[in-house]
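Here is what each chain is made of, one letter per residue.
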Amino acid sequence: MRVVVTGGSGFLGSHLCEALVGRGDTVWCLDNYCTGESLNVAPLRGHPRFRLVRADVTTAFEVPGPLDAVAHLASPASPPDYGRLPLETLSVGSRGTENALQLAMRRGARFLLASTSEVYGDPALHPQPEEYWGNVNPVGPRSVYDEAKRYAEALTMAYRRSIGVNTGIVRIFNTYGPRMRPHDGRVVSTFVRQALEGSPLTLYGDGSQTRSFCYVDDLVRGLLAMLDSGHSGPVNLGNPAECTVRELARLVIEATDSPSTIAFGPLPVDDPGRRRPVVTRARDLLGWTARVPLDVGLRKTVDWFMAQPHPAHRTLGQPLEA
Ligand code: NAD
Ligand code: UDP
């Protein structure tokens, strides 16, 4: 296949690009680097089936030759990222999604929207099936992301229903792994970095809020399965093993053998209290389930962070001033 991946230099996008090239596809990776890094796709640079294009997808874009699929991943995704880029987040969710849909429409390509469990907001129903409509505060600080993704889903369904574009929507639940930015502010990258530095882990609230963490390799298998299918979705992609944030802190300290303590901080506004996907649709339609247990995925993530050259990733055995 010939595939465009928007946001292809980000955390998930770079793994998706790698998987696509690895199975023989040709990839155009489009990114404006607002939260991604070209370093993430460094292993692919120079590959004959990989093209890296600096582009802001809120402006209409084109790629040469035939096209089979557009995977639209471009969007800030970490709460601190979309908190500091609110207008950009709304713009890429709306104009960016429309431009990506237009490209798919012009070229008769399959369109895949990377939506999010955040469309469920702070869910009043637990766990969350795809039929649940969500509980989003439309004027809260998270709304720039949540509502942009909800609009992106509506736009995607409208292109499907009214124009016949072959679209698919996945709702991704918290995913972690190598290539998360150590300072992206998300909980796994933050805890791993802090534990490796030996600094206190910043636990927001009392840590009883839950998330369900999916390892990136599992997630990418799900994205490929949805891309290759003709299903419209939405389909939840996530690991249903639910864990409190306090328990996550304990697991990270264990995986790093760190002397770090816990520093409690205020819970961010509208922070969802609990989150766990119902994954029967992914299993029945795509034959997909997450396989990597949290302790195993955390170990792989820690190993990757420790192999990075930046001082923030040094192992505890090496003094920071060395
Ligand atoms: P990320 O921030 O690492 O990657 C997003 C990428 O999009 C970055 O490389 C960024 O530079 C790029 N981008 C943003 N705006 C752009 C624009 N206007 N034009 C071109 N490129 C642009 O985040 P991620 O975790 O890799 O998330 C990827 C996608 O998956 C996002 O759409 C996100 O909403 C979705 N998602 C991720 C998770 C998760 O846990 N990682 C959960 C739910 C949904
Ligand atoms: N969190 C935390 N400490 C941090 C970063 C996040 O306790 O340093 C909490 C956050 O309040 C939330 C959970 O961890 O309850 C997951 O946060 P993240 O930003 O990773 O993702 P999201 O809230 O979008 O699920």
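Rules used in this analysis
- Residues numbered from 1 in each chain as written.
- Chains lettered and ligands numbered in written order.
- Predicted model: local features only at pLDDT ≥ 70, side-chain atom pairs only at ≥ 80, totals over all residues.
- Heavy atoms only, no water.
- Near = heavy atom within 4 Å.
- Polar contact = N/O pair within 3.5 Å; in protein donor to acceptor, adjacent residues only side chain to side chain.
- Areas by Shrake-Rupley, 256 points an atom, 1.4 Å probe, with all protein chains shown as cover.
- Helix = DSSP H or I, 4+ residues; strand = E, 2+ residues; numbered from the N terminus.
- Nonpolar A, V, L, I, M, F, W, Y, C, P; charged D, E, K, R; others polar.
- Buried < 20%, exposed > 50% of the residue type's maximum accessible area, 1.4 Å probe, protein only.
- Pairing = 2+ DSSP bridges.
- pLDDT = per-residue confidence, 0-100.
- Contact = heavy atoms within 4.5 Å.
- Expected span 1.5 Å × (residues − 1).
- Axes fitted to C-alpha atoms, helices over the stretch in contact; angles between N-to-C directions.
- Phe/Tyr/Trp six-rings, centres within 6.5 Å; stacked < 30°, edge-to-face > 60°.
- Core = buried A, V, L, I, M, F, W, Y, C linked by side-chain atoms within 4.5 Å.

Asks: Help me understand the site of ligand 2, please; the structure alone is not making it clear to me.
Replies: In the vicinity of ligand 2, 18 residues are found, and the nearest of them are V187, T202, R211, D271 and R275. Residue V187 places a main-chain N or O atom 2.8 Å away from an oxygen atom belonging to ligand 2. Taking 520 Å² as the accessible area of ligand 2 by itself, protein coverage stands at 95%. Of all elements in the fold, only α5 (187-197) and β8 (201-204) reach the threshold of two or more residues within the shell around ligand 2. Tallied by class, residues from the shell around ligand 2 come to seven nonpolar, five polar and six charged.

Asks: Is there a simple way to explain the pairing of strand β5 (residues 110-116) in this structure?
Replies: Along a regular strand, successive side chains alternate from one face of the sheet to the other. Counting buried residues in β5 gives seven out of seven residues, a clear majority hidden from the surface. Both faces of β5 are covered, namely the face carrying R110, L112, A114 and T116 and the face carrying F111, L113 and S115. Where strand β4 (residues 69-72) lies against β5, four bridges are found, and the strand directions are parallel. Bridge pairing links H72 to L113 in β5. Two elements, β5 and strand β6 (residues 167-172), share six bridges in a ladder whose sense is parallel.

Asks: I would appreciate a short explanation of unusual backbone geometry in the present structure.
Replies: With the exception of glycine, most residues fall at negative phi, and the peptide bonds are largely trans. Here the residue pair H126 and P127 is connected by a cis peptide bond, since its omega of -10° sits within 30 degrees of zero. Position of P127 among the secondary structure elements: in the loop between β5 and α4 (143-163). Going from G233 to P234, the amide bond is cis rather than trans, its omega being 0°. Residue D257 is not a glycine yet carries a positive backbone phi of 55°. For D257, a relative accessible area of 69% puts it in the exposed group. The phi torsion at D270 lies on the positive side, around 65°, for a residue other than glycine. Along the chain, the position of D270 falls in the loop between β13 (262-265) and α8 (280-286). D270 gets classed as partly exposed once you look at its relative accessible area, which sits at 32%.

Asks: Is there a simple way to think about the confidence of the model for the chain in this case?
Replies: Interpretation of the predicted coordinates at a detailed level should be avoided for regions scoring low in pLDDT. Mean pLDDT over the chain works out to 95, with 96% of the residues at or above the 70 mark. Segment residues 313-322: pLDDT under 50, and 21 contacts once partners within four positions in sequence are set aside and those in other chains are kept.

Asks: In this structure, what is going on with helix α6 (residues 216-228)? I would like to understand it.
Replies: An α-helix turns once every 3.6 residues. As a result, residues three or four positions apart point the same way. Between its first and last C-alpha, α6 extends 18 Å over 13 residues, near the 18 Å set by a 1.5 Å rise per residue. Those residues of α6 that sit buried are V216, D218, L219, V220, G222, L223, L224, M226 and L227.

Asks: In this structure, what is going on with the sheet that holds strand β11 (residues 235-237)? I would like to understand it.
Replies: Two strands in a sheet stick together by hydrogen bonds in their backbones, pointing the same way (parallel) or opposite ways (antiparallel). Ordered in space as β3-β2-β1-β4-β5-β6-β11, the seven strands form an open sheet in which the pairing is parallel. The strands lining the two open edges of the sheet, one partner per strand, are β3 (50-54) and β11. Between one strand and the next, the sheet's axes are offset by a mean angle of 20°, whatever the strand orientation. Here strand β2 (residues 26-31) runs beside β3; their pairing, made up of five bridges, is parallel.

Asks: I keep staring at the packing of aromatic side chains and nothing clicks. Help me out?
Replies: Aromatic ring pairs are defined here through the distance separating the ring centres and the angle between the ring planes. For the coordinates displayed, the defined rule picks out six aromatic pairs. Aromatic pair Y120 and F173: ring centres 6.1 Å apart, planes at 40°, arrangement tilted. Here Y120 is found in the loop between β5 and α4, whereas its partner F173 is found in the loop between β6 and β7 (175-176), with 53 residues between them in sequence. Arranged with centres 5.3 Å apart and planes meeting at 80°, the rings of W304 and F305 form a pair that is edge-to-face.

Asks: Help me understand the nonpolar core in this model?
Replies: Within soluble globular proteins, side chains that are nonpolar tend to cluster in buried spots. Counting residues in each nonpolar core, the largest one holds 57 residues, and the members touching the most others are L16, L223, L237 and L248. Residues contacting L248, with those up to four places away along its chain left out, are V187, V188, F191, F213, C243, L294 and L298. Judged by nonpolar contacts, the second largest core, of 24 residues, contains V70, A74, L101 and L113.

Asks: I'm lost on the site of ligand 1 in this one. Help?
Replies: Around ligand 1, a shell composed of 29 residues is seen, among which L12, D31, T35, Y145 and K149 lie nearest. One nitrogen or oxygen atom from the main chain of N32 is found 3.2 Å from a nitrogen atom belonging to ligand 1. Backbone polar atom of C34 to an oxygen atom of ligand 1: 3.0 Å apart, as the coordinates give it. For ligand 1, whose unbound accessible area comes to 810 Å², protein coverage reaches 96%. Taken together, the elements giving at least two residues each to the shell around ligand 1 come down to α1 (11-22), β5 and α4.

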